[in-house]
Amino acid sequence: MGKRRQTATLRRRRTTASAPPNATRGFLLLAVGVIVLLAVAGAGWWMTRRAEQASQAPTQSSGVIGGVTGCRSIPRFAARLGYADRLGISTSERLYRGLVIFDGRVPVTADPALRDIHQEPSWDDAGTLGPFVIDRDGHIYTAAVPRTAVSDNPPGSLNVIYRIDSDTAELQPFVTLPGAPAGSSDNPFGILGMTYDCDTHALYVSTVAGSTRQSEEGRIVRIDLASREISDEVIGIDAIGLAVFQGRTGKRLYVGLARSADVGSVELDAAGHATGEFRIDLTLDEQVTTFADPRVRRISFDQTNMTLFIVPFTFNLRAVSEQQQVTLRYGYDAERDSWVPFPASIPASDRAHLHG
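Residues numbered from 1 in each chain as written. Predicted model: local features only at pLDDT ≥ 70, side-chain atom pairs only at ≥ 80, totals over all residues. Heavy atoms only, no water.

### Here's the deal with the confidence of the model for the chain
- Scored by pLDDT, the chain comes out at a mean of 80, with 77% of its residues at no less than 70.
- Predicted confidence is poor over residues 1-7, with pLDDT under 50, and the contacts of this stretch with residues over four places away or in other chains come to 20 contacts.
- Counting contacts from residues 11-60, a segment whose pLDDT is below 50, to residues more than four positions away or on other chains yields 157 contacts. (pLDDT = per-residue confidence, 0-100. Contact = heavy atoms within 4.5 Å.)

Here it is in structure tokens:
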């Protein structure tokens, strides 16, 4: 691997998103009975949610230590399709390309026939998908991630953010990241990570487009969902997992690096823009010895705890199974503004309010 930069160069600029290409349909559902090992970047993105009250405008920071996605709302189409009180969402089903919904009350390991899996006609238009997030209005944002070959996805789709409309359930291109190279045999990936901030109604998206095993060309961008403007770029970081956390001293964007088993972070100002230097918060090499090249694929915050989902990653389409994932948990030490291995002495049940 190329040498990883210890600090990130922050450059702020405002750009209007370029018109995304129209993704063409034609990808068929994978035949029942064909077992497809999930690629590292696409494995296991699934979630279940209960309905939450969506706010109608960007909220002010709550001043409460914890994650910043509490405003997310169940998609409005879920009620029309009969999933309002039992919604599960997945982009990693072995027998489907794209996104599906299912009965979230049934374990994901159960027989597919028992899970009541449903897919709308447009949900496979972008081919295989990876990360997804839901906003305060129930819109779903996702991105194309190849599993077994670059041909898993339409040409030019790997740096497109797609949105599934909360009302119509249609998947359409939403924003295209400008200046992003197409996938290649050296690096077939584009967008790998995505997270949402309720306070500013914005997405943070990581792309490794243009990077190779020797050259780090990735970046993290911030997208204002109301205007579709790309207003921040963090240059020089290849990243996968992303998540925002409100700590005692302020809000930070946490980043799972694609070139090392590290988790770093950068401070965010009140408007959600990156500021200050990038720092390394956790080094995980000694904690993960199950497989080579461990990388943090997803970061999740539950009150004052952080969960890291770790898989192998080496910029290729080496298929891995669900068993090749390690989960680590950390508790937030508000006094030191740092993370300690779980189970930690920090209370896990009550959310702590900011001081001062």
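Moving on from the coordinates now.
### Points about the state of the cysteines
- Inspection of every chain in the model, using the stated rule, returns 1 disulfide.
- Cys71 shares a disulfide with Cys198; S-S distance 2.1 Å. The sign of the -95° torsion about the S-S bond sets the Cys71-Cys198 disulfide as left-handed. Residue Cys71 is located in the loop between strand E3 (66-67) and helix H1 (77-80), and its partner Cys198 is located in the loop between strand E10 (191-197) and strand E11 (202-207); the two are separated by 127 residues in the primary sequence.
- Given a relative accessible area of 4%, Cys198 falls into the buried group. (Disulfide = S-S within 2.5 Å. Helix = DSSP H or I, 4+ residues; strand = E, 2+ residues; numbered from the N terminus. Buried < 20%, exposed > 50% of the residue type's maximum accessible area, 1.4 Å probe, protein only.)

### Quick look at the nonpolar core
- Leu284, Ile299, Leu308, Ile310 and Trp339 are the most contacted members of the largest nonpolar core, which has 22 residues in total.
- Secondary structure elements with two or more residues in this core: strand E14 (239-247), strand E18 (294-302), strand E19 (305-312) and strand E20 (326-333).
- When residues of this core are assigned to their parent elements, the largest contribution, 4 residues, is made by E20.
- Leaving out residues up to four positions away in the same chain, Ile299 has contacts with Gly241, Leu242, Ala243, Tyr254, Val255, Gly256, Val263, Met306, Thr307 and Leu308.
- By size, the runner-up hydrophobic cluster in this structure holds 19 residues, among which are Leu87, Ile134, Ile140 and Ile164. (Core = buried A, V, L, I, M, F, W, Y, C linked by side-chain atoms within 4.5 Å.)

### Side note on the pattern of salt bridges
- Inspection of the entire model under this criterion finds 15 salt bridges.
- When the shortest N-O distance is used, the salt bridge between Arg279 and Asp281 registers 2.8 Å.
- Residue Arg279 pairs with Asp337 through a salt bridge whose shortest N-O separation is 3.8 Å. Note that Arg279 is positioned in strand E17 (residues 274-283) and Asp337 in the loop between E20 and strand E21 (338-341), a separation of 58 residues in sequence. (Salt bridge = Lys/Arg side-chain N within 4 Å of Asp/Glu carboxyl O.)

### A closer look at the sheet that holds E20
- Strand order in the open sheet made by the 4 strands is E18-E19-E20-E21, with antiparallel pairing throughout. Unpaired on one side and paired on the other, E18 and E21 mark the two borders of the sheet. Sheet twist, expressed as the mean angle between neighbouring strand axes with direction ignored, is 35°.
- In this sheet, E20 lies alongside E19 in antiparallel orientation, the contact comprising 6 bridges. Across the sheet, residue Asn305 finds its bridge partner in E20, namely Gly331. (Pairing = 2+ DSSP bridges. Axes fitted to C-alpha atoms, helices over the stretch in contact; angles between N-to-C directions.)

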